[in-house]
Amino acid sequence: MSADPARRTVRILTLIGVAAGVIGGLLVAFPTVLPVGGPWVQLGLGLATLVLAFRARKIGIAEVEGFDGRLSLFAALLGFLVVFFAGQVAFGILVDVAN
């Protein structure tokens, strides 16, 4: 992959990752928006954010000269936060179901 398509790919992956992280963060902040399946959707968005952010970082580091990965790092951190908080709620639901 040459530099221009790699830059475009990194930009697209990073922006989609940030968007998924922001949506997941909003769902964590306002959990009543999705009353059914909310934590599972949040976990999915958090995992998608992590996958997209780290994929963007991998391509950027390998193929883009002078890659500045701060935005993809922000997306990854946002994904970790969403997975952490949604995981707590999902774990609580699983414990309640088990009891």
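Note that the coordinates shown come from a computational prediction; the quantities given were computed from them, not determined experimentally.

Draft legend 1. Spatial organisation of the side chain of Gln42. Following the sequence through the fold, Gln42 ends up in helix 2 (residues 38-63). Given the relative accessible area of 6%, Gln42 is considered buried. A distance of 2.8 Å separates a polar side-chain atom of Gln42 from the backbone oxygen of Leu27. Ignoring anything within four residues of it in the chain, the contact list for Gln42 reads Gly24, Leu27, Val28, Val82 and Ala86.

Draft legend 2. Fine view of the pattern of salt bridges. One pass over the structure, following the stated rule, counts 2 salt bridges. When the shortest N-O distance is used, the salt bridge between Asp4 and Arg7 registers 4.0 Å. One end of the pair is Asp4 and the other is Arg7, both in helix 1 (residues 3-29) and 3 residues apart, which spans about a single turn. According to the relative accessible area criterion, Asp4 is exposed, its value standing at 57%.

Draft legend 3. Representation of the packing of aromatic side chains in the model. Enumeration over the complete set of coordinates arrives at 2 aromatic pairs. Plain terms: the ring middles of Phe54 and Phe80 are 6.1 Å apart, the flat faces sit at 65° to each other, and that makes the pair edge-to-face. Taken as a pair, Phe54 in helix 2 and Phe80 in helix 3 (residues 70-98) lie far apart in primary sequence, 26 residues in all. Seen from their ring centres, Phe84 and Phe85 are 5.1 Å apart, and the 75° between their planes marks the pair as edge-to-face. With relative accessibility at 39%, the residue Phe85 sits in the partly exposed group.

Cut-offs applied
Residues numbered from 1 in each chain as written. Predicted model: local features only at pLDDT ≥ 70, side-chain atom pairs only at ≥ 80, totals over all residues. Heavy atoms only, no water. Helix = DSSP H or I, 4+ residues; strand = E, 2+ residues; numbered from the N terminus. Buried < 20%, exposed > 50% of the residue type's maximum accessible area, 1.4 Å probe, protein only. Polar contact = N/O pair within 3.5 Å; in protein donor to acceptor, adjacent residues only side chain to side chain. Contact = heavy atoms within 4.5 Å. Salt bridge = Lys/Arg side-chain N within 4 Å of Asp/Glu carboxyl O. Phe/Tyr/Trp six-rings, centres within 6.5 Å; stacked < 30°, edge-to-face > 60°.

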